[in-house]
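# Descriptive structure summary
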Amino acid sequence: MKNPSVLEKLTDRDQKCIWHPLTQHKTAKPPIGITKAKGALIWDDKGKAYIDGIASWYTAMYGHCNERITSAISEQMQQLDFVMFSGFTHEPAVQLAEELLPLLPGNQAKLFFNDNGSTAIEAAIKMSIQYHHNKDQKRDTIIAFEDGFHGDTFGAMSASGISSYNGPFEDFLLKVVRIPVPTEENSEEVLKQLEVLITTHACCSFVFEPLVQGAAGMKFHSPTGLDQLIAKCQEADILCIADEIMTGFGKTGKNFASDYLKNDPDIICLSKALTAGIFPLSITSCNQKVFDAFLSNEVSKGFFHAHTYSAHPLGCAAALAGLELLQSMEIKESQKYIAQQHQEFVNRVQHHPKVKNARAIGVILAVDLDLDMDRYGSVRDKLYDFFMERGVNLRPLGNTIYTLPPYVISKEQLQQVYDAMEGALEIV
């Protein structure tokens, strides 16, 4: 353990040399130094513990420093630490594919490895464009939902619809047309909009977050309406890309949000909880039809896309341990308990005068406050500080406060999260 006097200077040292994500450094407060994490808790450099109420961006779902996962990585690094994945293969990657594919929607046939969520989307979009190119068709337009978020690389950013992230780059993005998310009220109208877009644009793919739009504020939409859109796209040979980076691995109450659909996506993107946040890894899976479109005697029709760390053995080992935990009775029971408690919380606060909307699905709970506020502004900062002062790490998305806790959170810790969220209703 380092000398506390040295730890006290961690933030000062950071500010001299580090550029943080999603930060306006001229106005932002200094970052909090974190020195330790275990289970649902993280500790700062002064020894204060915080409940990680959003599982560190929905990744550490089995708890921080889970010994099953850290042990799997430790064992793997003694056998094979890393080897490039072009021209080679290895046991962890093959085993992961063999064990993950049966859990995915039934049409998925092949896995392509990347290293983070954005690059999983990037690979999927490139696959969809080249899929048509290999068939001598020029299709250059992506269909996406309004207010979606898919990542920060250029293809992923193009599909995203949140202007606070995209503003300076609008002139450089891919061609995208947008439709509203389908609800019980507007599904038929959205389907009509899609039908028009299909006839007026050369559409290659439809990219969507199934059932829950995360960065938009945990907005929910209709599985029936989404099913209709997928069916219509697939009739026109428009590849359907499900972004399960946030929703995947049990967060919506099923292994994948796509499990609520009758029509399977052509391509699925996975990351975050794939390795429980312990190692950067992502996957772009596809059905046999997509894979077969790249088979040719012409070398150029192959998918010439790669990442140095593709199928990293340590990441694959972490993912394998995560899959074992996902299917364990302990985790399944915890998921059910959290979902039940979330619904009770919704029932308790949904008529509060400060609440515009409260909703839950699986372990995702979101409350929209009945006030206008900037995505990054003083009210949001006030809420964030309020939560942190009470030992709970929650990051409001505009006027939406939400929790997506680790599956291992204790009953007492979960209640502390609820208490903080209810307390926030009294200060806005």
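This text follows the structure it describes.
Residues numbered from 1 in each chain as written. Predicted model: local features only at pLDDT ≥ 70, side-chain atom pairs only at ≥ 80, totals over all residues. Heavy atoms only, no water.

This next bit is on the pattern of salt bridges. Note on pairing: side chains with opposite charge can pair once their charged atoms come close. Within this structure, the stated rule accounts for 16 salt bridges. Salt-bridge contacts for Asp45 lead to Lys46; the nearest nitrogen and oxygen are separated by 3.9 Å. Its relative accessible area of 63% is what places Lys46 among the exposed residues. Between Lys232 and Glu235 there is a salt bridge, with the nearest N and O atoms lying 3.5 Å from each other. Of this pair, Lys232 and Glu235 both sit in helix α10 (residues 223-235), 3 residues apart, which is roughly one turn of the helix. The exposure class assigned to Glu235 is exposed, which follows from its relative accessible area of 62%. (Salt bridge = Lys/Arg side-chain N within 4 Å of Asp/Glu carboxyl O. Buried < 20%, exposed > 50% of the residue type's maximum accessible area, 1.4 Å probe, protein only. Helix = DSSP H or I, 4+ residues; strand = E, 2+ residues; numbered from the N terminus.)

The sheet built from 7 strands is open, its strands ordered β4-β12-β11-β10-β7-β5-β6 with mixed pairing. The open sheet has two edge strands, β4 (108-114) and β6 (175-179), and neither has a second partner. Averaged over neighbouring strand pairs, the angle between their axes works out to 25 degrees when direction is ignored. In this sheet, strand β7 (residues 203-208) lies alongside strand β5 (residues 141-145) in parallel orientation, the contact comprising 4 bridges. Across the sheet, the residue bridging to Ala144 is Val207, located in β7. Packing against the sheet, helix α5 (residues 91-100) makes contact with β4, β11 (267-270) and β12 (282-287), and its axis sits at approximately 140 degrees to β4. (Pairing = 2+ DSSP bridges. Axes fitted to C-alpha atoms, helices over the stretch in contact; angles between N-to-C directions. Contact = heavy atoms within 4.5 Å.)

For the rest of this paragraph, the subject is the environment of Pro182. By the element assignment, Pro182 lies in the loop between β6 and α9 (187-200). As a C-alpha pair, Pro182 and Pro223 span 41 residues in sequence and 8.2 Å in three-dimensional space. Excluding its chain neighbours within four sequence positions, the residues that come into contact with Pro182 are Phe145, Ser187, Val190, His221, Ser222, Gly225, Leu226 and Leu229.

Turning next to the side chain of Asp237. Within the secondary structure, Asp237 sits in the loop between α10 and β10 (239-243). A distance of 2.7 Å separates polar atoms of two side chains, one belonging to Asp237 and the other to Lys135. In contact with Asp237, not counting residues within four places along its chain, are Tyr131, His132, Lys135, Arg139 and Lys289. (Polar contact = N/O pair within 3.5 Å; in protein donor to acceptor, adjacent residues only side chain to side chain.)

Time to look at the packing of aromatic side chains. Here the structure, examined in full by the defined rule, presents 12 aromatic pairs. With a centroid separation of 5.6 Å and an interplanar angle of 55 degrees, the aromatic rings of Phe82 and Tyr309 are classed as tilted. With a gap of 227 residues between them, Phe82 in the loop between α4 (67-79) and α5 and Tyr309 in the loop between α11 (288-292) and α12 (313-326) connect regions that are remote in the sequence. Taking the centre distance of 5.1 Å and the plane angle of 70 degrees together, the rings of Phe249 and Phe256 count as edge-to-face. (Phe/Tyr/Trp six-rings, centres within 6.5 Å; stacked < 30°, edge-to-face > 60°.)

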